[in-house]
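Here are the chains, one letter per residue:
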Amino acid sequence: MEGRTVVGWAARDASGILSPYSFTLRKTGPEDVVIKVLYCGMDHTDLHQMRDELHLTNYPLVPGHEVVGEVLELGSEVKKYTVGDMVGVGCIVGSCGSCISCNSNKEQYCNNRILTYNGIYKDGRPTQGGFTSHMVVHQKFVVSIPETLSPEQAAPLLCAGVTAFSPLRQFMGSGKVLNAGILGLGGVGHLGVKIAKAMGHHVTVISTSDKKREEALQHLGADAFLVSSNATQMEEAAYTLDYILDTVPAFHPLQSYISLLNFDGKLLLIGASPKPLEFNATELNIGKKTISGSFIGSMEETQEILDFWAEKNLTSMVEVVKMDYVNKAFERMERNDVRYRFVVDVAGSDLE
């Protein structure tokens, strides 16, 4: 299947508008898996890259890094998978394999990681994402989809899910009922609520208004809801949380949220703000509080979140759309008009 010509949907310029695009897959190597794409999740990162908002985009760009598909063909040295297996591909498709991050099974922190799209593969070819009919991916960067998990449910876990899961993984098996805060209730935040609840934590959703209170408490199962713009509520909640998972991908002052943390509390940043965030270090010092970052997840963690999701019988809140609706879907995503993730039915779409 070397040199297979496929059709995807690509952005050609910073308008970010997607349209059909024909290109050739890279040569299939001995450890590669050829995948027929079935579904692909939509992520805010896609929008940023399509519009060159990070000023790093190479066009044409086929986005998509929450890919679920079926194994179509295998390289001669692939032992992990068989033809017909349901598999997933997340945010990275390569790394150096020899640095401290790679040797620690934390490939996402490798300085030479290769992104699923808008990257350069080892053969010098640009990588293209999951808004296409087929992909070729090294077996190390492919994960198994549990049989009990439907492909459209699995897709959001490959980026949004593992991004929330990776920093929360440190609390698994503690035997304690931790008081958790989830800041921001969007695509990543709603999965963070479900993960924290499934770990047995007492979960408080923190939002700037009351609009999502019913959703958080009745539909997602959160235990409490805190309006950050309400000074009285924030004062009453001071020093009550063991950690806060901050999913907000925009500028926001951190000080009021640090005040919510108890002694030795942790503020876990997973939303990438385009501007520097501000805080006063004094409260960190006197409360032994920490602020830390986390970036997507490793391949090991990606497999873990899929297995965890299946074991706990959890569900993602998704809206499935066809490829011809994808530009409209991105417009809606930008307005936060989705609960909570769009997933593209790639195999069921007319890509041409």
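Everything here concerns the structure above.
Now for a quick tour of the structure. In this text the structure is predicted, and so the values were computed from the model without any measurement. (Residues numbered from 1 in each chain as written. Predicted model: local features only at pLDDT ≥ 70, side-chain atom pairs only at ≥ 80, totals over all residues. Heavy atoms only, no water.)

To continue, consider the pattern of salt bridges. Think of it this way: side chains of opposite charge can pair up when their charged atoms draw near. By the definition in use, this model includes 18 salt bridges. Between R332 and D337 there is a salt bridge, with its nearest N and O atoms 3.1 Å apart. Classification of R332 as buried rests on a relative accessible area of 12%. (Salt bridge = Lys/Arg side-chain N within 4 Å of Asp/Glu carboxyl O. Buried < 20%, exposed > 50% of the residue type's maximum accessible area, 1.4 Å probe, protein only.)

With that settled, the discussion passes to the side chain of R341. In this structure, R341 sits in strand β17 (residues 341–345). Only 2.6 Å separates the side chain of R341 from the side chain of E66, close enough to count as a polar contact. For R341, the contacting residues outside a window of four places in its chain are M42, D43, E66, P156, A160, G187, V188, H190, M317, V318 and E319. (Helix = DSSP H or I, 4+ residues; strand = E, 2+ residues; numbered from the N terminus. Polar contact = N/O pair within 3.5 Å; in protein donor to acceptor, adjacent residues only side chain to side chain. Contact = heavy atoms within 4.5 Å.)

In terms of strand pairing, strand β16 (residues 318–321) meets β17 through four bridges, oriented parallel. From the neighbouring strand, V321 faces β17, where its bridge partner is V344. As a crossover connection, the stretch from β16 through helix α11 (residues 326–334) into β17 is right-handed. (Pairing = 2+ DSSP bridges. Right-handed = clockwise from strand over helix to strand, strands pointing away.)

A separate point is the state of the cysteines. Under the counting rule described, the total for this entry stands at zero disulfides. Of all cysteine sulfurs in the structure, the one in C159 sits closest to C91, which takes part in no disulfide; the separation is 3.5 Å. Free of any disulfide, C96 has its nearest cysteine sulfur in C99, 3.6 Å distant. Accessibility expressed as a relative area gives 32% for C96, which makes it partly exposed. (Disulfide = S-S within 2.5 Å.)

Shape descriptors only; they carry no functional weight alone.
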